Amino acid sequence: MLATLNDLLVPMATATPGSGEIFASEFFGTAILIMFGVGTCCTNNLLKSKGNGGGWLMINFGWGLAVYMGVYAAFKTGGHLNPAVTIMKAVWHGLDSNVTLNGPSVSKGGIPVTATTVLIYIVAQMLGAMVGALIAYLAYKKQFDQKMEDPRFKLWCFATAPEVRSPLWNTISEIIGTFGLLAFVMVSGGTPTEVGPLAVALCIVVIGIGLGGPTGYAINQVRDLGPRIMFSLLPMKGGKSDADWGYSWVPILGPTIGAIITPLIVVAVGMAV
């Protein structure tokens, strides 16, 4: 996910990963991310959970550490776990042909940016997000079966929702949060450090603390859509709300716009490394 992370981890695999390896890497990394991220929200939101009411900071740190684990799991592919990262890399490649999807040059194990490789990344991320959400649901099955005064708390384990519903401003919030993440990814390789994915984890935490309040900061299309689909399909004896599909386009469009404009801005100001 970071240039520094690529420098540390990708050398473990000197050959360019094939299509199956790319799929497996992003699938399992994203599944781990969502399993622990959605699991954190379950801990906070659900009745008869020992962490019920843990609060926003617990959620921020839970998602940050979930990214930390997922990125390490997906080291072969640069640990994108997020279509916004993949789209950013594709746009960046259009501005600099030396950019690959996982960092190193193609001769040193880099994954070339093509329509096929980008599609494999995104499909793997989407399916991994759905499976990760399913695993979190299974871990909390008896809690989901409890009747809640406000059943939307069950949905909010899986998907984001705005505190003040305003589609335009909710989308702007997602664009800004996504820009913060992706700009950090693009420029952080210039810092001589070996903290690897821990830096990304802390970035996720601070985005949640500083920018996550309005919408719950999806900043990742599959982080919201995959779990939202699973929520709509999974049974919950105690009842559940609808999946709020009317809002679901916001955490898709916002991160997508953010992914397109970030490399244009970062490259234009000469900060890309």
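Residues numbered from 1 in each chain as written. Predicted model: local features only at pLDDT ≥ 70, side-chain atom pairs only at ≥ 80, totals over all residues. Heavy atoms only, no water.

A. Structural detail: the layout of surface pockets. Reported here for the largest pocket is a volume of approximately 590 Å³. Taken together, 34 residues line the largest pocket, and the ones lying closest to its centre are Trp56, Ile59, Thr160, Gly216 and Arg223. Looking at the lining of the largest pocket, the elements with two or more residues in it are helix H2 (19–45), helix H3 (56–73) and helix H7 (152–158). Broken down by element, the residue count for the lining of the largest pocket peaks at five residues, all from H2. Split into classes, the residues belonging to the lining of the largest pocket amount to 20 nonpolar, twelve polar and two charged. (1 Å grid on protein atoms, 1.4 Å probe; cavity = no way out; pocket = protein on both sides within 12 Å on 5 of 7 lines; lining within 4 Å. Points joined across faces, edges and corners; volume = space filled by probe spheres on them. Helix = DSSP H or I, 4+ residues; strand = E, 2+ residues; numbered from the N terminus. Nonpolar A, V, L, I, M, F, W, Y, C, P; charged D, E, K, R; others polar.)

B. The pattern of salt bridges, seen in detail. Within the structure shown, the criterion is met by five salt bridges. The shortest N-O distance in the salt bridge between Lys141 and Asp145 comes to 2.5 Å. Classification of Lys141 by relative accessible area gives partly exposed; the value is 25%. Exposure remark for Asp145: the relative accessible area of 11% places this residue in the buried category. The salt bridge involving Asp244 is made with Arg165; its shortest N-O contact spans 2.8 Å. Within this pair, whereas Asp244 is found in the loop between helix H10 (221–233) and helix H11 (250–268), its partner Arg165 is found in the loop between H7 and helix H8 (167–187), the two being separated by 79 residues in sequence. The exposure class of Asp244 is buried, given its relative accessible area of 16%. (Salt bridge = Lys/Arg side-chain N within 4 Å of Asp/Glu carboxyl O. Buried < 20%, exposed > 50% of the residue type's maximum accessible area, 1.4 Å probe, protein only.)

C. The packing of H10 against H11, seen in detail. The contact between H10 and H11 brings their axes to 8 Å, and the two run at 160°. The pairing of H10 with H11 is recorded here as roughly antiparallel in orientation. H10 and H11 meet at a crossing whose hand is left-handed. Together, Gln221, Asp224, Leu225 and Arg228 of H10 and Pro251, Ile252, Pro255 and Thr256 of H11 make up the contact between the two elements. In terms of residue class, the contact of H10 with H11 is made up of four nonpolar, two polar and two charged. (Axes fitted to C-alpha atoms, helices over the stretch in contact; angles between N-to-C directions. Parallel < 35°, antiparallel > 145°, perpendicular 65-115°, else oblique. Left-handed = near helix turned anticlockwise from the far one by under 90°. Contact = heavy atoms within 4.5 Å.)

D. Spatial organisation of H3. In this model, H3 (18 residues) spans 26 Å end to end at C-alpha, consistent with the 26 Å of a helix rising 1.5 Å per residue. For H3, the full list of buried residues reads Ile59, Asn60, Gly62, Trp63, Gly64, Ala66, Val67, Gly70 and Val71. (Expected span 1.5 Å × (residues − 1).)

E. Representation of the nonpolar core within the structure. Counting 51 residues, the largest nonpolar core has Trp63, Phe144, Phe158, Leu181 and Ile204 as its most contacted members. Setting aside its immediate chain neighbours within four residues, Phe144 contacts Cys42, Leu46, Tyr137, Lys154, Cys157, Phe158, Met236 and Gly238. The next biggest cluster of nonpolar side chains, apart from the first, holds seven residues, and it includes Val113, Val118, Ile120 and Tyr121. (Core = buried A, V, L, I, M, F, W, Y, C linked by side-chain atoms within 4.5 Å.)

Everything listed is a geometric property; what it means functionally is a separate question.
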